[in-house]
Amino acid sequence: MRPTERSAGQPNEARGLLRRAQELAERGDYTAALATIQRAMRSGADEYTCYLHIAALEWQQHRTDAAMLALQHAIDLQPHRTDAREKMVELYLESGETDSAIEQALQVLRCDPDNIPVRWLLVLAYLDRGDWESALRTLDDLITLAPNEPLYHFNQAQIFQEMGQWGLALIAYDRVVQIGIDPDLAERAREAIAMLDRIQVEQILTLALEDPQFRRALQEDMEGTLIDRYFALSPSGMTALRAILYHANQEDLPWKPVLYH
């Protein structure tokens, strides 16, 4: 957690002390940093900002209760501001207090519905609780606010995949690839698409081997048959399946599929 500093309107001495406190904290001298922040408050520094700094120092020392107390002091001073509440969501989440993180995040969003960082923390909290539907709804809101952020589409795809909604997962993964601004994430999305295709093609071939009626249906209307059985392949996966079925149909019975790689 990083402090949020609002220096405008503060005396020069107070601003200097806050900078000094930050330097001390970066060196690991937390006791001196805390004392310097307290001096800054006595010199006229913005108390709200000081409590954010104190919360950051306490959290760096793994003193969660003290960090929460400092954030609560900031909230009591200026309840209309959301940055202390945002940091409280972050602390709750990092300390495993998922329900409290969700409650605090929802409070922030009631005041600031376009707050993207808090919506993302809310997604993480819902995922931590295993509430996939709520996570998906929150991701939908994030994608509306930031449609070209590939991370949101990637996480949406992962949730769809966990829920067995592979068609929707493929669409979301493909969106990550199409956005293309994060090469590493795009490559992971390509790998996920290939994996989903491979799993499904192997299932389709096994089913076709065991069920002559399904095999005939594939030959007559492959796309419709796959949809009826809730399979969903990418274009490359569909091409691979067509090629495998074509070669298999050239062989004598018993029908012998060649697994897709």
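What counts and what doesn't
Residues numbered from 1 in each chain as written. Predicted model: local features only at pLDDT ≥ 70, side-chain atom pairs only at ≥ 80, totals over all residues. Heavy atoms only, no water. Phe/Tyr/Trp six-rings, centres within 6.5 Å; stacked < 30°, edge-to-face > 60°. Helix = DSSP H or I, 4+ residues; strand = E, 2+ residues; numbered from the N terminus. Buried < 20%, exposed > 50% of the residue type's maximum accessible area, 1.4 Å probe, protein only. Expected span 1.5 Å × (residues − 1). Arc of directions from axis to C-beta. Core = buried A, V, L, I, M, F, W, Y, C linked by side-chain atoms within 4.5 Å. Contact = heavy atoms within 4.5 Å. Salt bridge = Lys/Arg side-chain N within 4 Å of Asp/Glu carboxyl O. Polar contact = N/O pair within 3.5 Å; in protein donor to acceptor, adjacent residues only side chain to side chain. Axes fitted to C-alpha atoms, helices over the stretch in contact; angles between N-to-C directions. Parallel < 35°, antiparallel > 145°, perpendicular 65-115°, else oblique. Nonpolar A, V, L, I, M, F, W, Y, C, P; charged D, E, K, R; others polar.

Chemist: Explanation requested: the packing of aromatic side chains in the structure shown.
Modeler: Any two aromatic rings considered together are summarised by their centre-to-centre distance and by the angle between their planes. Going through the model one piece at a time under the given rule, you end up with two aromatic pairs. For the ring pair tryptophan 120 and tyrosine 152, a centre distance of 5.6 Å and an interplane angle of 40° mean the geometry is tilted. In this pair, tryptophan 120 is assigned in helix α7 (residues 116-129) and tyrosine 152 in helix α9 (residues 150-162), connecting sequence segments 32 residues apart. The pair tryptophan 120 / tyrosine 152 is uniform in exposure class, with both members buried. Relative to tyrosine 173, the ring of phenylalanine 154 has its centre 5.5 Å away and its plane inclined at 70°; by these criteria the two rings are edge-to-face. Here phenylalanine 154, found in helix α9, pairs with tyrosine 173, found in helix α10 (residues 166-179); they are 19 residues apart in sequence, far enough to count as distant.

Chemist: Got a minute to help me understand unusual backbone geometry in this structure?
Modeler: One can expect most non-glycine residues to show negative phi and most peptide bonds to be in trans. Within the chain, histidine 62 stands out as a residue other than glycine whose phi angle is a positive 65°. Considering the arrangement of structural elements, one finds histidine 62 in the loop between α3 (47-60) and α4 (64-77). One non-glycine residue, tyrosine 230, lies in positive phi territory at about 65°. Mapped onto the secondary structure, tyrosine 230 falls in the loop between α13 (222-228) and α14 (235-249). Given a relative accessible area of 74%, tyrosine 230 falls into the exposed group.

Chemist: It is not clear to me how helix α2 (residues 30-42) should be interpreted in this structure. Could you clarify?
Modeler: Every α-helix carries 3.6 residues per turn, so stepping three or four residues along brings you back to the same face. The terminal C-alpha atoms of α2 lie 19 Å apart, and with 13 residues this matches the ideal 18 Å at 1.5 Å per residue to within 8%. If you check which residues of α2 are buried, you get Ala33, Thr36, Ile37 and Ala40. Taken down its axis, α2 places every buried residue within 105° of arc, on the same side. For α2, exposure combined with an orientation more than 90 degrees from the buried face picks out Thr31 and Arg42.

Chemist: Help me understand the nonpolar core, please; the structure alone is not making it clear to me.
Modeler: The tendency in soluble globular proteins is for nonpolar side chains to be buried side by side. Formed by 66 residues in total, the largest nonpolar core has its most connected members in Ile37, Leu71, Ala84, Leu139, Tyr152 and Tyr173. Here this core gets eight residues from one element, more than from any other, and that element is α3. Residue contacts for isoleucine 37: discarding those within four places in its chain leaves Leu18, Ala21, Cys50, His53, Ile54 and Leu57. Judged by nonpolar contacts, the second largest core, of 14 residues, contains Ala208, Leu226, Met238 and Ile244.

Chemist: Before we go on, may I ask you to explain the pattern of salt bridges in this structure?
Modeler: Opposite charge on two side chains permits them to pair, given that their charged atoms come into close proximity. Considering all chains together, one arrives at nine salt bridges under this definition. Ionic pairing is found between aspartate 99 and arginine 129, a salt bridge with its closest N-O pair at 3.2 Å. Of this pair, aspartate 99 sits in helix α6 (residues 98-111) while arginine 129 sits in helix α7, and the two are 30 residues apart along the sequence. When the shortest N-O distance is used, the salt bridge between arginine 119 and aspartate 141 registers 3.3 Å. Here aspartate 141 lies in helix α8 (residues 132-145) and arginine 119 lies in helix α7, a separation of 22 residues in the sequence. On the accessibility criterion, aspartate 141 (35% relative accessible area) is partly exposed. Salt bridges here are not isolated pairs; linked through shared partners, they connect Asp99, Arg129 and Asp131.

Chemist: I'm lost on α9 in this one. Help?
Modeler: Under the 1.5 Å per step criterion, the end-to-end length of α9 is 18 Å for 13 residues, consistent within 8% with the ideal 18 Å. Most of α9 is tucked away: ten of the 13 residues are buried. Among the residues making up α9, those that are buried are Pro150, Tyr152, His153, Phe154, Asn155, Gln156, Ala157, Ile159, Phe160 and Gln161. Buried residues belonging to α9 abut α7, α8, α10 and α11 (183-210). Where α9 begins, the capping side chain belongs to glutamate 149, and its oxygen is found 3.0 Å from the backbone nitrogen of leucine 151. Within two residues after α9, glycine 164 carries a phi angle of roughly 80°, on the positive side.

Chemist: Could you clarify how one ought to interpret the packing of α2 against α3 in this entry?
Modeler: Helix-helix packing is described using two parameters, namely the angle between the two axes and the distance between the axes. With their axes 10 Å apart at the nearest point, α2 and α3 run at an angle of 170° to one another. Of the possible angle classes, the one that applies to α2 and α3 is roughly antiparallel. Judged by residue contacts, Tyr30, Ala33, Leu34, Ile37 and Met41 of α2 engage Glu47, Cys50, Tyr51, His53, Ile54, Leu57, Glu58 and Gln60 from α3. Residues belonging to the contact of α2 with α3 are distributed by class as follows: nine nonpolar, two polar and two charged.

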